[in-house]
Amino acid sequence: MVLSFLSVVGAALIQLTLGCGARRYHLSIVCRRAKVSMSRFEPNKYIDYKTLQKNLDIIRKRLNKPLTLSEKIVYSHLDDPVNQDIGRGKTYLRLRPDRVAMQDATAQMAMLQFISSGLSRVAVPSTIHCDHLIEAQIGGEKDLARAKEMNEEVYDFLATAAAKYGVGFWKPGSGIIHQIVLENYAYPGVLLIGTDSHTPNGGGLGGVCIGVGGADAVDVMAGIPWELKCPKVIGVKLTGHLSGWTSAKDVILKVAGILTVKGGTGAIVEYHGPGVESISCTGMGTICNMGAEIGATTSIFPYNPRMKAYMDKTGRKDIAAVADEFQDLLVPDEGCEYDQLIEINLSELKPHINGPFTPDLAHPVSEVGAVAEKNGWPLDIRVGLIGSCTNSSYEDMGRSAAVAQQALDHGLKCKSQFTVTPGSEQIRATIERDGYAKTLRDVGGIVLANACGPCIGQWDRQDVKKGEKNTIVTSYNRNFTGRNDANPATHAFVTSPEIVTAFAIAGTLKFDPERDSLTGSDGKKFKLKPPDADELPSQGFDPGEETYQHPPENSQGISVVVNPKSNRLQLLEPFDKWNKQDLEDMQVLIKVKGKCTTDHISAAGPWLKFRGHLDNISNNLLIGAVNIDNGKVNEVKNQITNQVGPVPETARAYQKEGINWVVVGDENYGEGSSREHAALEPRHLGGRAIIVKSFARIHETNLKKQGLLPLTFDNPADYDKVRPDDKVTITGLKEFSPGKPLACILKHKDGSQDTIVLNHSFNEGQILWFQAGSALNRMKELQK
């Protein structure tokens, strides 16, 4: 994992040309840059549907059955369609994705790993999107300026590394990665991987778009076939039509309530049926985006006229025309079989709101007030927040503005604080031109920067103290404890942007816009009418300010050097190889109680600034996880010294003494974000195995990539046999092979012991990752 071939230099006073003119800086990163084009990137207009069709014809002859849309797209991207073993939920597929997208927080580690590979240029079209490092504090313009200053070192690194290795670079302020991908890069039939769990947003344009860790992105950028366990396919048949207050968001809120946060694990969720026709392209994107919250590999819709209309408006008429010719490739076969089928009548679907603390706790909006009252959840809404990668389209902003305008017409403004996050510079410019932004400001809203902001915890919230119980309502996708504002007492709910707007105006969870009235400034009661807004701007999109940097054709004059004294960026060192012995007498670092998401394992928010510095960010390892031994977070006992201290500090103490350790966890361990730091950190601090009841897909893969052992209890009840002060031995590693369980000996302090069985999902290639110390180590071995 590292840049051994790069020369490392100290900080220097240099001339650095960035944007306007040369300025002099003492920088932690030194960049010597060639002149690059800053014109807006025109995405590749040519898509080789003929090759996909040829591959699919081979698969059809082999399988001889009707295929789902998911199978058509995935199988047509096989590296070897003739010989690939195919079995839903069983075999590992070797695939050739069309492109890679990375957000700035994950791109740092991905690019550091790619540089370490020794390759000179990426093998597939790839982009970096600066959206995660901008903190919401005052308002869009000032927050963006502050972020550019605070994160200059990281932005310079990403821009220069992108130019050096042939990667497109979307500058800070350009917008959220998934909105940019939908506007520019997604298309029907694409196989795209992205280093963010909400990459499935692209399924709204009929693509298979999958969230992965940075190491997976490195494989694809290096031209290596990418592995994915052959997904099962869950069908969601939609009938009826959306109308009134019900929106696309309510579809996925309903599905989340049905499948729960792990019900989609290992599967692609495929929407189909006549109800699809009543959903806009961006609405389909919303549904696919939040499919990450049910653990799905991705979600997808079939190619349809709403997608064609969106591509026409976003400058891709030629792709739509070719897609029309290959429509059979882009829709499911009649009679195809799903592993599970859910049916939803959109005409009967009511507005929903999910939460708090988990995105699968679904309530009809009409009932949430009573449920909140019963459970003692705060009824007063402190803040309503609309936008995020899930709901920041032109249509979303239009529907919210339609609600806001009704309040203004009756002399009302929001009772709650209200924030608005445009999804992209294009959306921001267009809603400014068309008056939506003004309406949202007039009702009391603050328009934030085109970035992730509060959705990922980038929110300098000042209206409540940490530990103060309060309620917020968002149009985001995720609402884990403390995610938005680092306050574990904040009750966060997710719903549609128009419902958020209505709630912000009313100020309470007890308001149902379908049933309840508001009182205007004239003392008269009125009811909000269901919002109506254009799906796409009649005048077309306004692209706004130029925010894209295209990589130069010749990058030989560009070099990237990282300062070893930086606290933001750090060159990586290769992880140690397996020593060909069983893992003996490992300490239990922590036995985690209950839900443990990647937010619990590697917190975001203020920690995002260390995403390019593995040692610094490792100081947040598992600080949000609940220790079953004492019910507290970030407090574990060092079994050698008997002192109680923070989790990262204890891990470092074990590592210093040469003691390996394990983590023991519950169900769906690692759900949430794709962040590979949640795998890098335990490996960096001396972890060897993560033993749980079940894993979330992306996290399990990330752990394998970094040379860790993600293992599951053969008998989930064995979780109860593990004691926090146990010494753990894992045997059978010399005969480590696919499908063969490992044995685990739990040595208790009282002298007794238990032997349990641990399962794994490693294939032969992944076992070689473990033996080499990491997937990247293995890649470098193959280059010798």
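This text goes with the structure placed above it.
What this report covers is the structure whose coordinates are included nearby. (Residues numbered from 1 in each chain as written. Predicted model: local features only at pLDDT ≥ 70, side-chain atom pairs only at ≥ 80, totals over all residues. Heavy atoms only, no water.)

**With respect to the overall build of the protein**
Within the protein one finds 23 helices and 34 strands. Each of the 784 residues in the protein was classed as buried or not, and the buried ones make up 63%. Sequence separation of 24 or more characterises 76% of the internal contacts of the protein that already satisfy a separation of 6 or more. Distance from the positive charge centre (88 side chains) to the negative charge centre (91 side chains) of the protein: 3 Å. (Helix = DSSP H or I, 4+ residues; strand = E, 2+ residues; numbered from the N terminus. Buried < 20%, exposed > 50% of the residue type's maximum accessible area, 1.4 Å probe, protein only. Contact = heavy atoms within 4.5 Å. Lys, Arg positive; Asp, Glu negative; His and termini not counted. Charge placed at Lys NZ, Arg CZ, Asp CG, Glu CD.)

**A few points about the packing of aromatic side chains**
Per the counting criterion, the structure on display carries 14 aromatic pairs. Judged by centre distance (5.6 Å) and plane angle (80°), the ring pair of F114 and Y165 falls under edge-to-face. In this pair, F114 sits in helix α3 (residues 104-117) while Y165 sits in helix α5 (residues 152-165), placing the two residues 51 residues apart along the sequence. Through a chain of ring-to-ring contacts, the aromatic side chains of W578, F736, F762 and F770 assemble into a single cluster. Here the guanidinium or amino end of K591 rests over the ring plane of Y719, the centre of that ring lying 4.4 Å away. A cation over a ring is seen here: K704 above F762, with NZ or CZ 5.1 Å from the ring centre. (Phe/Tyr/Trp six-rings, centres within 6.5 Å; stacked < 30°, edge-to-face > 60°. Lys NZ or Arg CZ within 6 Å of the ring centre and 35° of its normal.)

**So, empty space enclosed by the protein**
In total, this model carries 10 cavities of 30 Å³ or more according to the counting rule given. Estimates place the volume of the largest cavity at around 200 Å³. Taken together, 19 residues make up the lining of the largest cavity; nearest its centre are A292, G295, G672, A696 and I698. With 3 residues, helix α21 (residues 697-705) is the single largest residue contributor to the lining of the largest cavity. Of the voids in this model, the second largest cavity is the one considered here, and its volume is about 150 Å³. Around the second largest cavity, the lining comprises 21 residues; the ones closest to its centre are H132, D196, H198, I456 and R483. Looking at the lining of the second largest cavity residue by residue, the classes come out as 7 nonpolar, 9 polar and 5 charged. (1 Å grid on protein atoms, 1.4 Å probe; cavity = no way out; pocket = protein on both sides within 12 Å on 5 of 7 lines; lining within 4 Å. Points joined across faces, edges and corners; volume = space filled by probe spheres on them. Nonpolar A, V, L, I, M, F, W, Y, C, P; charged D, E, K, R; others polar.)

**Points about the sheet that holds strand β12 (residues 267-272)**
Each strand in a sheet pairs with another by means of backbone hydrogen bonds, the pair being arranged parallel or else antiparallel. One open sheet holds the 4 strands; their spatial order is β13-β12-β11-β14, and the pairing between them is parallel. Single-partner strands in this sheet number two, and they are β13 (298-300) and β14 (340-345). Ignoring which end each strand starts from, the neighbouring axes of this sheet average 20° apart. As judged from the 6 bridges shared by strand β11 (residues 232-239) and β12, these two strands associate in the parallel manner. The partner of G235 across the bridge, within β12, is E270. Of the strands in this sheet, β11, β12 and β14 are in contact with helix α8 (residues 248-259), which crosses β14 at around 135°. (Pairing = 2+ DSSP bridges. Axes fitted to C-alpha atoms, helices over the stretch in contact; angles between N-to-C directions.)

**Observations concerning the pattern of salt bridges**
As enumerated under the stated definition, the model contains 39 salt bridges in all. Residues R461 and D463 are paired through a salt bridge, measuring 2.7 Å at the closest nitrogen-oxygen approach. Taking the shortest distance from any N to any O, the salt bridge between K632 and E635 comes out at 3.5 Å. Among the residues examined, K632 registers a relative accessible area of 43% and is labelled partly exposed. Among the charged side chains, a network of salt bridges with common partners joins R60, K72, D328 and D333. (Salt bridge = Lys/Arg side-chain N within 4 Å of Asp/Glu carboxyl O.)

**Comments concerning helix α20 (residues 677-684)**
Among the 8 residues that make up α20, 7 are buried, leaving the element largely enclosed by the rest of the structure. Every buried residue belonging to α20 is among H677, A678, A679, L680, E681, P682 and R683, and all of these are buried. In this structure, the buried residues of α20 make contact with α3, α17 (598-601), α18 (614-617), β29 (661-664), β30 (687-692) and α21. Downstream of α20 by one or two residues, G686 has phi in the positive range, about 100°.

**Here we look at the layout of surface pockets**
Within this model, the second largest pocket holds a volume of roughly 670 Å³. Residue lining of the second largest pocket: 35 residues in total, with K229, T265, G266, R697 and E700 positioned closest to the centre. Of all elements in the fold, only β10 (226-229), β11, α21, β31 (709-713) and α22 (764-772) reach the threshold of two or more residues within the lining of the second largest pocket. Looking at the lining of the second largest pocket, its residues break down into 13 nonpolar, 12 polar and 10 charged.

**A closer look at the nonpolar core**
Membership of the largest hydrophobic core comes to 173 residues, with the highest contact counts inside it found for Y49, F157, L238, Y271, F301 and F503. Among all residues touching Y49, those that are not within four sequence positions of it are Y187, P188, I319, V322, A323, F326, L329 and L330. Among the nonpolar cores identified, the runner-up in size contains 25 residues, and L583, M586, V722 and V728 belong to it. (Core = buried A, V, L, I, M, F, W, Y, C linked by side-chain atoms within 4.5 Å.)

**Section: the environment of I353**
Relative to the assigned elements, I353 resides in strand β15 (residues 352-354). For I353 and T474, which are 121 residues apart along the polypeptide, the C-alpha to C-alpha distance reads 9.5 Å.

**Describing the sheet that holds strand β24 (residues 548-549)**
Sheet architecture is open: 6 strands sit in the order β9-β8-β5-β6-β7-β24, paired in mixed fashion. A single partner strand is all that each edge strand has here, and the edge strands are β9 (208-211) and β24. Where strand β5 (residues 99-103) lies against strand β6 (residues 126-129), 4 bridges are found, and the strand directions are parallel. If you follow M102 over to β6, its bridge partner there is I128. The strands touched by α5 are β6, β7 (168-170) and β24; relative to β7, the strand with the most contacts, the crossing angle is about 155°. Packed on one face of the sheet, helix α7 (residues 214-221) meets β5, β6 and β8 (191-194) and runs near 145° to β5.

**What to know about the side chain of H600**
Following the sequence through the fold, H600 ends up in helix α17. Taking relative accessible area as the criterion, H600 reaches 12% and is therefore assigned buried. Looking at H600, its side chain comes within polar contact range of the side chain of T597, at 2.8 Å. If near-sequence neighbours (up to four positions away) are discounted, H600 is found in contact with K595, L622, I623, G624 and A625. (Polar contact = N/O pair within 3.5 Å; in protein donor to acceptor, adjacent residues only side chain to side chain.)

**Topic: the state of the cysteines**
Taken as a whole and assessed by the stated rule, the structure comprises 0 disulfides. Here C281 is not cross-linked by a disulfide; its sulfur's nearest cysteine counterpart is in C288, at 9.4 Å. What makes C281 buried here is its relative accessible area of 1%. Between C288, a cysteine without a disulfide, and C209, which holds the nearest cysteine sulfur, the sulfur-to-sulfur distance is 8.5 Å. (Disulfide = S-S within 2.5 Å.)

**A look at the pairing of strand β17 (residues 381-386)**
The element β17 is extensively covered by neighbouring structure, given that 5 of its 6 residues are classed as buried. Pairing between β17 and strand β20 (residues 470-474): 4 bridges, direction parallel. Looking at β20, one finds that L385 is bridged to T474. Two strands pair when backbone bridges link them, and β17 and strand β18 (residues 417-420) are joined in this way by 4 bridges, in the parallel orientation.

**Describing the packing of helix α10 (residues 305-313) against helix α11 (residues 317-325)**
Interaxial distance between α10 and α11 falls to 7 Å at its minimum, and their mutual angle equals 155°. Of the possible angle classes, the one that applies to α10 and α11 is roughly antiparallel. Where α10 abuts α11, its residues K308, M311 and D312 lie against K317, I319, A320 and D324. For the contact of α10 with α11, the per-class residue count stands at 3 nonpolar, no polar and 4 charged. (Parallel < 35°, antiparallel > 145°, perpendicular 65-115°, else oblique.)

**Side note on the environment of D522**
Looking at the element boundaries, D522 is found in the loop between β22 (518-519) and β23 (525-526). A sequence separation of 461 residues divides D522 from K61, and the C-alpha atoms of the two residues are 71 Å apart. Among the polar contacts listed, one links the side chain of D522 to the backbone nitrogen of K524, at a separation of 3.0 Å.

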